[in-house]
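# Understanding the architecture of this molecule
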Amino acid sequence: MTERTPLTSFLHTDKTLKPTSLDRNNNTFVNDDDAPFQTEEEEDEYIRLVSPDKCLICPITQEIFTDPVVAADGHTYERSAILMWFQMGRSRSPVTNALLKMDERDGSSDTVRSNLAVLGLANRHREIRGRDLLQRCRSVQIKRAPPRDSGARIRALVDAAADLTLRDYGNAGSVDGNVGKTAMWLLIEGMQLELARELFYAGAVVSFPNDQTAESVSYTKNSKKCHSCIGAVEKIISSASLTLDEKMEWKKFLECLRNREDDENLARKEKERTREEANEAHRNEQRELQQEERSRARAGGSTSSNGLGRMEQGYGYFPTLATLQFQSSIPPPSRSVAEEENNIRESLDRILAYIGAVVFIFFILS
């Protein structure tokens, strides 16, 4: 197994990988070319360079991280994979093979912690490879011809977990400059059915999730000029330049796109419903925590709520209005000081009660 490129060599550069001449100092290819690879070693070198670093690969799934978590053994895993590992009753670390304590392998989400640093690096890798993929697919769309390397570099980028959701907005002054086109969309317009299929089976999206331009560019059956992957395929099918066999292949692909679009719409609605349920559960939990805090505040004679406090909750013997108004931002006194203040406050209350009783009796007798 060959050693992968150091992580910082591609996560801290925005240069597009150019595969015909390797710059050994920067670990990047310097020529923007899609010429065929001269040797297998050259192709292997390109694949090695665009592949994610080992630290971005889950030891269990051998795939790039999408939800990395740190387990008790200190190693990072994909959340679903490590939880399934423990739920299957396995008692050892997948990496070190060391025995873990029972509370460290109970199969619950509490036994792992999210690794946001690794998640950021993985997303950065996807973005860089996705931009390179968009550039190559844009070139195919402009030339309306297959790449000279038969799509080898496009396949390598897809296998390297390039982000297939990124969009190319073209030139600002062009007709379609305001419509973001994905890599698969560009390949469709470039008449590259086989490459478009490969991106489709790699998980490329068809519809426009959470996009303000979705309504203006979405697919409509009555629209002849439709700005979408489905509309681009329909436009190709309606052209007279295709043979009967080619039209049949494009129609099969169109049916796959429509099925994927329906599945994406259903998945999006389910995701929105799940998110609403999670938000409602979070709001209920916050309400319960707030109620518990208020109950503890009443029992302890203090409050952390905003706004004016009560006179008996003010810190000091004779709190002013300003003190009551801003006391929520002032830390409470220590327990000993609070107890002493409460004792003094009770003594003052008794003295004032005695004085009031004496004054009342004096007026009665006089």
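Our structure's up above, just so we're on the same page.
Quick look at the structure, then. (Residues numbered from 1 in each chain as written. Predicted model: local features only at pLDDT ≥ 70, side-chain atom pairs only at ≥ 80, totals over all residues. Heavy atoms only, no water.)

### Section: the packing of aromatic side chains
Two descriptors summarise a pair of aromatic rings, namely the distance from one centre to the other and the angle between the planes of the rings. Spelled out, the test is: Here is the rule: rings of Phe, Tyr and Trp (six-membered ring for Trp) pair when centre to centre is within 6.5 Å. Planes less than 30 degrees apart are stacked, more than 60 are edge-to-face, and the remainder are tilted. In DSSP terms, a helix is any run of H or I states spanning at least four residues, a strand is any run of E spanning at least two, and both are numbered starting from the N terminus. Between buried and exposed lies partly exposed: a residue is buried under 20% and exposed over 50% of the maximum accessible area for its type, with that area taken using a 1.4 Å probe on protein chains only. Cation placement over rings: the criterion is NZ of Lys or CZ of Arg within 6 Å of the ring centroid and within 35° of the ring normal.
Considering all chains together, one arrives at 5 aromatic pairs under this definition. Judged by centre distance (5.2 Å) and plane angle (80 degrees), the rings of F200 and Y201 are edge-to-face. Here the aromatic rings of W250 and F253 are separated by 6.3 Å at their centres, their planes lie at 65 degrees, and the arrangement is edge-to-face. Here F253 and W250 lie together in helix α10 (residues 244-300), a separation of 3 residues that amounts to about one turn. W250 gets classed as buried once you look at its relative accessible area, which sits at 4%. Put simply, the rings of F200, Y201, W250 and F253 pair up and form one aromatic cluster. The ring of W85 carries R90 above its face, with NZ or CZ at 4.3 Å from the centroid. Taking NZ or CZ as reference, R153 lies 5.9 Å from the ring centre of Y46, over its face.

### Some words on the nonpolar core
Note the following rule: Throughout this description, the term nonpolar core refers to a set of buried Ala, Val, Leu, Ile, Met, Phe, Trp, Tyr and Cys residues connected via side-chain atoms within 4.5 Å. The contact rule is simple, with two residues in contact once any of their heavy atoms fall within 4.5 Å.
Ranked by internal contacts, the top residues of the largest apolar core, which has 39 residues, are L133, M184, I188, L199, W250, F253 and L257. Apart from residues no more than four positions distant in its own chain, L133 is found in contact with I154, L157, V158, A162, L164, A183 and L199. Formed by 18 residues, the second largest nonpolar core is a distinct cluster that contains V69, A71, I82 and L83.

### Points about the environment of D73
Here D73 is to be found in the loop between β3 (68-70) and β4 (76-78). With a relative accessible area of 19%, D73 lands in the buried category. With residues near it in sequence (within four places) discarded, D73 still touches S93, P94 and L100.

### Here's the deal with the sheet that holds β3
Stated formally: Only strands joined by at least two bridges in the DSSP assignment are considered to pair. Axis definition: a line fitted to C-alpha atoms, over the contacting stretch in the case of helices. Angles run 0 to 180 degrees between N-to-C directions.
Taken in spatial order, the 3 strands make up an open sheet running β4-β3-β5, and their pairing is antiparallel. If you trace the sheet from one side to the other, it starts and ends with β4 and β5 (113-114), each paired once. Along the sheet, helix α3 (residues 79-87) makes contact with β3, β4 and β5, crossing β4 at roughly 95 degrees.

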